[in-house]
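Letter by letter, the chains look like this.
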Amino acid sequence: MKAYKQRVSDVVLTYKLECKGAVLIEGAKWCGKTTSARQYSKSVLNLGDTTEYERAKEMMSINSSLLLDGDAPRLIDEWQTLPGLWDSVRSEVDKRGECGQFILTGSSVPPDISQMRHSGVGRISILRMRPMSLFESGEGNGVVSLADLFDGQSIESMHAEMTLDQIAYLICRGGWPQATFQSGRVALGHARDYFDVVTEFDIQQIDEVRRNPDRAKAIMRSYARHIGYQTPLSTVRADILQNECMSISDDTIADYINTMSKMFVIEDMPSWNPNLRSKAAIRQSNCRYFVDPSIAAAALGAGPGDLIKDLKAMGMFFENMVVRDLRVYAEAIDGNVFHFRDSNGLECDAVIHLRDGRYGLVEAKLGGMGKIEEGAASLLKLYDTLDFTRMRKPSFMMVVVGVGQFAYRRKDGVLVVPLACLKQ
């Protein structure tokens, strides 16, 4: 049995089990939900097993409470295959009146939420889990803590060197837990297998709608070509028509994208709405991202060598990797990640916003002094536009780089931090 790699979400799961009767861990297939949940559960109902699912399905119509019998916390894996269990869990939590009774895991939103009569508010807490960040997989050293930056702690010059070849490999391998125990072609194969399974099988199983695998693949390829952009569906459709020679409607694209969101394959980033001194209009549409950059590489059939030959594309995929890691770390410190764009062209790749109102501004750059200067200039320009009579100042401004030997603070106050240095 492979050793268990600690997840950033483990701390969050422990906390939530202490606060609520049940915790739902949701996230992409293969991201490690069940493995993590098993570290904390004392009994298991595995609905991912066909035999156990059929037995449970029959029992639902007889006495669903029997499915919940077992030592607590009891893990109910792939709960969404029997949505009626949600209300049974909620009711059992009320009956027991104790915290930490159940852990539910699911790799998609239930196809029929009409079977769920109650939201579970106050009883069931939700934890979003994603593929591994560099710190979790062991490629990062975590010498720079986001929590410390929000608390005003300064950073010394710290070392964490990573080459362009390493970054390209990690983008294509992704943060799939099993892949982190492997290397070379075997590790790279997980993302390609994920892409095939999602488009050929999973997208057909989430509900009763029959979807075309070729269309699913075409849409995912177009998404991969528009990472980090606020691309409207009409542009995605035009891109598919030009590059895939396939006719498709906006409504069809919207349906596939909505389905992929329910499967946690794509995770678009909402916009941040600050108070500005300028009258520029803030662009409110979401930015396009996958839950892991390796899905984009797999969709386009790109390997590490292909990215090295196309640094512009690699920069887009690296931005997706930065977003993935920031989301993992922000979740652990009670925060969310947004983007900012306005009508004057001012932008910020990521805004980490905590629940208490503190925030940090982040630009993602693959590397090189010219790109670092560009990122820092963009952050300082946004800083000068913010209205601090109506909002607090940012806790930090940071350029996250892929290729870089050191984490340090510039004379203008902007931090330059290799992604491999970061942790929650």
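Predicted model only: the values in this text are computed from it and were never measured. The written sequence of each chain sets the order in which its residues are numbered from 1. Since the coordinates come from a predicted model, pLDDT governs what is reported: local features require at least 70, and pairs of side-chain atoms require 80 or more to be given and counted, while whole-chain, interface and lining totals use all residues. The basis for every side-chain value is the complete set of non-hydrogen atoms in the structure, without hydrogens or water.

Draft legend 1. Spotlight on the overall build of the protein chain. Only DSSP runs of H or I reaching four residues or more are called helices, and only runs of E reaching two or more are called strands; each is numbered from the N terminus. Helix and strand counts for the protein chain stand at 15 helices and 14 strands. For a compact globule of 424 residues, the expected C-alpha radius of gyration is about 22 Å, and the protein chain comes in at 22 Å, within 12% of that figure. Dimensions of the protein chain along its principal axes, counting C-alpha atoms only, are 70 × 50 × 45 Å. Contacts are assigned to residue pairs with any non-hydrogen atoms lying within 4.5 Å of each other. When contacts within the protein chain are restricted to residue pairs at least 6 apart in sequence, those whose partners lie at least 24 apart make up 73%. Surface accessibility follows the Shrake-Rupley procedure with a 1.4 Å probe radius. Residue values consider only the protein chains on display as shielding. With the model as given, the accessible surface of the protein chain reaches about 18,400 Å², and the carbon-plus-sulfur share is 48%. Computing the positive centroid from 51 side-chain charges and the negative centroid from 54, the protein chain places the two 2 Å apart. Note on method: radius of gyration uses C-alpha positions; expected globular size equals 2.2 Å times residues raised to 0.38. Residues scored as charged are limited to Lys and Arg (positive) and Asp and Glu (negative), so that His and the chain ends carry no count. To locate a charge, take atom NZ for lysine, CZ for arginine, CG for aspartate or CD for glutamate.

Draft legend 2. Local environment of the pairing of strand β1 (residues 22–27). Buried, partly exposed and exposed residues are distinguished by accessible area as a fraction of the type maximum, computed with a 1.4 Å probe on protein chains only: under 20%, between the cut-offs, and over 50%, respectively. Extensive coverage of β1 is indicated by the burial of six of its six residues. Residues A22, L24 and E26 line one face of β1 and the alternating positions V23, I25 and G27 line the opposite face, and both faces are buried. Here β1 pairs with strand β5 (residues 124–129) via six bridges, running parallel. Paired with V23 across the strands is S125, a residue of β5. Strand pairing requires that DSSP identify at least two bridges connecting the strands.

Draft legend 3. A look at empty space enclosed by the protein. Buriedness of a pocket was judged along seven lines, with at least five required to meet protein on both sides within 12 Å; pockets are open sets of points on a 1 Å grid over the protein atoms alone, cavities are sets where a 1.4 Å probe fits but cannot get out, and lining residues have an atom within 4 Å of a point. Grid points are joined across faces, edges and corners, and a volume is the space filled by probe spheres set on the points. Throughout the structure, instances matching the rule amount to one cavity of 30 Å³ or more. Counted as a void, the largest cavity has a volume near 70 Å³. As for the largest cavity, its lining consists of R7, S9, R128, M129, R130, E136, R327, V328 and E331. For the lining of the largest cavity, the secondary structure elements donating two or more residues are β5 and α14 (311–332). Tallying contributions element by element places α14 first for the lining of the largest cavity, with three residues.

Draft legend 4. Focus on the pattern of salt bridges. Counted as salt bridges are all cases of a side-chain nitrogen of Lys or Arg within 4 Å of a carboxyl oxygen of Asp or Glu. One pass over the full model with this rule turns up 31 salt bridges. Residue R96 is joined to E92 by a salt bridge in which the shortest nitrogen-to-oxygen separation is 2.9 Å. Residue R96 and its partner E92 are both found in helix α4 (residues 85–96); the two are separated by four residues, about one turn of the helix. R96 gets classed as partly exposed once you look at its relative accessible area, which sits at 26%. Residue D268 is joined to R288 by a salt bridge in which the shortest nitrogen-to-oxygen separation is 3.0 Å. Here the residue D268 occupies a position in the loop between α11 (250–262) and α12 (293–299), and R288 occupies one in the loop between α11 and α12, the gap between them amounting to 20 residues. When its relative accessible area of 18% is taken as the criterion, D268 is described as buried. Connected via shared salt-bridge partners are E26, R128, R130, E267, R327 and E331.

Draft legend 5. View of helix α8 (residues 184–205). Here α8 spans 31 Å end to end across 22 residues, near enough to the 32 Å set by a 1.5 Å rise per residue. The principal kink in α8, of about 45 degrees, is found at V198. Along its buried surface, α8 packs onto α7 (164–173), α9 (213–225), α11, α12 and α13 (304–309). What a helix is expected to span follows from its residue count: subtract one and scale by 1.5 Å. What we call the bend at a residue is the angle made by axes fitted to the seven residues finishing there and the seven residues starting there.

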